[in-house]
Amino acid sequence: MTSKNKIALSLAFLWSFQIAVGQNDPKAVEILSEVSENYQKLNGFSATFEYAYATEDEGLIQTNTGEVTVKGEKYRLTLNDQEIFNNGNTVWTLIKSSKYKEVTINNVEEDTEELTPSNIYTIYQKGYQAELVGSDQKNGVAVHEILLTAEKKSSQFEKITLFIDKSKLDLVAWEIQDDVGGTFTYSFKDLDSNVNVMDDYFVFNTQENQDVEVIDLR
């Protein structure tokens, strides 16, 4: 697996999308609106998930598990040797390896269009064409399959497929197609939709982690 693909896999939640307004399937929008409404009612949620990356030429390249906790616009995401903290204003990207630890600090850019754990439920509102393409089964659950297509061909990820539990109207899995023929697949495993998390959980405390090199880009 190339270093480019490794970086893309670990940061797949965070890639920017430059998108325009498109035509939507009314049924798809109706389903997604209910999913988004259910999400907005939550105080927060935490989940474990499986993710994988595959290409047409090489097949399955990498598979792993991760953890995520979301509260409004805040989230904390753990992917193998990387952890991302976002408190809505600042984002800390922590890289941990056997040789070094470093955290990069950036401001959250309000004007950018990016896919994150906190806006996966509303990304369809930002210019994607939404289409209900059919039904499927995910881990024994009957799901709606909804395809989101970015209007701009220059988008890092051209298509997102959302799999929505038909009975609960919850997001259970999603797939993201990139511009080089690869597909990222994410599936929720254990999801707790009744969590009460303090805001400081979404902040990386540099004072308490003196062994971590800090790269402040704010």
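Residues numbered from 1 in each chain as written. Predicted model: local features only at pLDDT ≥ 70, side-chain atom pairs only at ≥ 80, totals over all residues. Heavy atoms only, no water.

Enquirer: Honestly, the nonpolar core in this entry has me stumped. Any pointers?
Expert: Judged by nonpolar contacts, the single largest core of 34 residues is most densely connected at Leu32, Phe49, Val68, Leu148, Leu162, Ile164 and Trp174. Looking at this core, the elements with two or more residues in it are helix H2 (26–40), strand E1 (45–55), strand E2 (59–71), strand E3 (74–79), strand E8 (141–149), strand E9 (157–165), strand E10 (171–178) and strand E11 (182–192). Listed in part, the 7 residues of the second largest apolar core include Leu94, Val103, Ile105 and Val212. (Core = buried A, V, L, I, M, F, W, Y, C linked by side-chain atoms within 4.5 Å. Buried < 20%, exposed > 50% of the residue type's maximum accessible area, 1.4 Å probe, protein only. Helix = DSSP H or I, 4+ residues; strand = E, 2+ residues; numbered from the N terminus.)

Enquirer: Help me understand the environment of glutamate 213, please; the structure alone is not making it clear to me.
Expert: Its place among the elements puts glutamate 213 in strand E12 (residues 213–216). Overall, glutamate 213 belongs to the partly exposed group, its relative accessible area being 47%. Taking the C-alpha atoms as reference points, glutamate 213 and tyrosine 100, separated by 113 residues in sequence, lie 8.2 Å from one another. If sequence neighbours within four positions are ignored, glutamate 213 has contacts with Lys101, Glu102 and Val103. (Contact = heavy atoms within 4.5 Å.)

Enquirer: Before we go on, may I ask you to explain the environment of glycine 182 in this structure?
Expert: You can see glycine 182 is positioned in strand E11. Among all residues touching glycine 182, those that are not within four sequence positions of it are Tyr53, Ala54, Thr55, Ile176 and Gln177.

Enquirer: What exactly am I supposed to notice about unusual backbone geometry here?
Expert: Most of the time, phi is negative for any residue but glycine, and the peptide bond is trans. Phi angles above zero are rare outside glycine, and asparagine 80 is one such case at about 55°. Secondary-structure assignment places asparagine 80 in the loop between E3 and strand E4 (82–86). A positive phi angle, close to 55°, is found at leucine 169, a residue other than glycine. The residue leucine 169 is located in the loop between E9 and E10 in this model.

Enquirer: Looking at this structure, how should I read the pattern of salt bridges?
Expert: Side chains carrying opposite charge are able to pair once their charged atoms draw close together. Counted under the stated rule, the structure contains 9 salt bridges. Among the ionic pairs, glutamate 37 bridges to lysine 41, the shortest N-O distance being 3.8 Å. Assessed through its relative accessible area of 46%, glutamate 37 is described here as partly exposed. The structure contains a network of salt bridges with shared partners spanning Arg76, Glu83 and Lys96. (Salt bridge = Lys/Arg side-chain N within 4 Å of Asp/Glu carboxyl O.)

Enquirer: What is the right way to read the packing of aromatic side chains from this model?
Expert: In this description, an aromatic ring pair is defined by two values, namely the gap between the centres and the angle between the planes. Under the counting rule described, the total for this entry stands at 10 aromatic pairs. For the ring pair tyrosine 51 and tyrosine 186, a centre distance of 6.0 Å and an interplane angle of 25° mean the geometry is stacked. Here tyrosine 51 is found in strand E1, whereas its partner tyrosine 186 is found in strand E11, with 135 residues between them in sequence. Across the pair, exposure class does not vary: tyrosine 51 and tyrosine 186 are buried alike. An aromatic cluster is present here, built from Tyr39, Phe45, Phe49, Tyr51, Trp174, Tyr186 and Phe188 joined pairwise through their rings. (Phe/Tyr/Trp six-rings, centres within 6.5 Å; stacked < 30°, edge-to-face > 60°.)

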